[in-house]
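Take a look at the letters that make up each chain.
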Amino acid sequence: MRAFVEQHASDPAERLPRTFDFLEASVRDKQFHGCIFVSAAGEHKDTVNPVFHAAVMHKRLTIAYFEELAHAARFAEPKRIGTEINLLHEGAMAVAQMTRIAEPVRQAKRMAGQLLAAEERSSSARGGDASQRTRAS
């Protein structure tokens, strides 16, 4: 995902939405059968199982990447945004797995756009007062 996003978006504010383009490409692949990490965690339910731990670590790293992108785009609350973007990704992936269509990913991307457009940006991104709202588009 990181390589795809960096290749398709140079502006930090455009990188979070581009993660959904990567997800859509993944969902459209004939080999897509849902998230292998969710499947692995489901098959290895014991929380001390190393497979379960690996799946959890992957999810944590994905959230950290979304937080990194939110921070680079100078959002005031990158941790929360990273978690919310992850939730949109996870939901879109689960619905796409069941429906076998990419529309849930496009819907999640639109929702993410609305979320990001309403978010506060740090004053260093705007050169002004941090209490003002700006569009992240």
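Residues numbered from 1 in each chain as written. Predicted model: local features only at pLDDT ≥ 70, side-chain atom pairs only at ≥ 80, totals over all residues. Heavy atoms only, no water.

1. Observations regarding the packing of helix α3 (residues 36–43) against helix α4 (residues 50–72)
In step 1: The contact between α3 and α4 brings their axes to 8 Å, and the two run at 150°. Judged by the twist between their axes, the crossing of α3 over α4 is left-handed. For the pair α3 and α4, the contacting residues are F37, V38, A40 and A41 in the first and V51, F52, A54, A55, H58 and K59 in the second.
In step 2: Split by residue class, the contact of α3 with α4 holds 8 nonpolar, 1 polar and 1 charged. (Axes fitted to C-alpha atoms, helices over the stretch in contact; angles between N-to-C directions. Helix = DSSP H or I, 4+ residues; strand = E, 2+ residues; numbered from the N terminus. Left-handed = near helix turned anticlockwise from the far one by under 90°. Contact = heavy atoms within 4.5 Å. Nonpolar A, V, L, I, M, F, W, Y, C, P; charged D, E, K, R; others polar.)

2. Quick word on the packing of aromatic side chains
In step 1: Counted by the stated rule, this structure contains 2 aromatic pairs.
In step 2: Ring centres 6.2 Å apart and planes at 40° place the aromatic pair Y65 and F66 in the tilted group. Residues Y65 and F66 agree in their burial class; the two are buried.
In step 3: Sitting over the face of the ring of F75, R121 holds its NZ or CZ atom 5.0 Å from the ring centroid. (Phe/Tyr/Trp six-rings, centres within 6.5 Å; stacked < 30°, edge-to-face > 60°. Buried < 20%, exposed > 50% of the residue type's maximum accessible area, 1.4 Å probe, protein only. Lys NZ or Arg CZ within 6 Å of the ring centre and 35° of its normal.)

3. Topic: the environment of A94
In step 1: Relative to the helices and strands, A94 is located in helix α5 (residues 78–99).
In step 2: Residue class for A94 comes out partly exposed when judged on its relative accessible area of 40%.
In step 3: Each C-alpha atom, one on A94 and one on H33, is 9.5 Å from the other, the two residues being 61 residues apart in sequence.

4. Observations regarding the environment of R15
In step 1: Structurally, the position occupied by R15 is in helix α2 (residues 12–28).
In step 2: R15 sits 11 residues away from F4 along the chain, and the two C-alpha atoms are 9.7 Å apart.
In step 3: Beyond its immediate sequence surroundings of up to four residues, R15 is in contact with V5, A9, S10 and L69.
In step 4: Among the polar contacts listed, one links the side chain of R15 to the backbone oxygen of A9, at a separation of 2.8 Å. (Polar contact = N/O pair within 3.5 Å; in protein donor to acceptor, adjacent residues only side chain to side chain.)

5. Side note on the environment of E103
In step 1: Note that E103 resides in helix α6 (residues 103–117).
In step 2: Each C-alpha atom, one on E103 and one on V27, is 9.8 Å from the other, the two residues being 76 residues apart in sequence.
In step 3: Within the structure, E103 has its side chain in polar contact with the side chain of R106 (distance 2.9 Å).

6. Focus on the nonpolar core
In step 1: Core analysis: the biggest nonpolar cluster contains 25 residues, and L16, F20, V27, F75, I81 and I85 have the highest contact counts within it.
In step 2: Ranked by residue count, the leading element in this core is α5, at 6 residues.
In step 3: Contacts of I81, omitting those with residues within four sequence positions, involve L16, A70, F75, L116 and E119. (Core = buried A, V, L, I, M, F, W, Y, C linked by side-chain atoms within 4.5 Å.)

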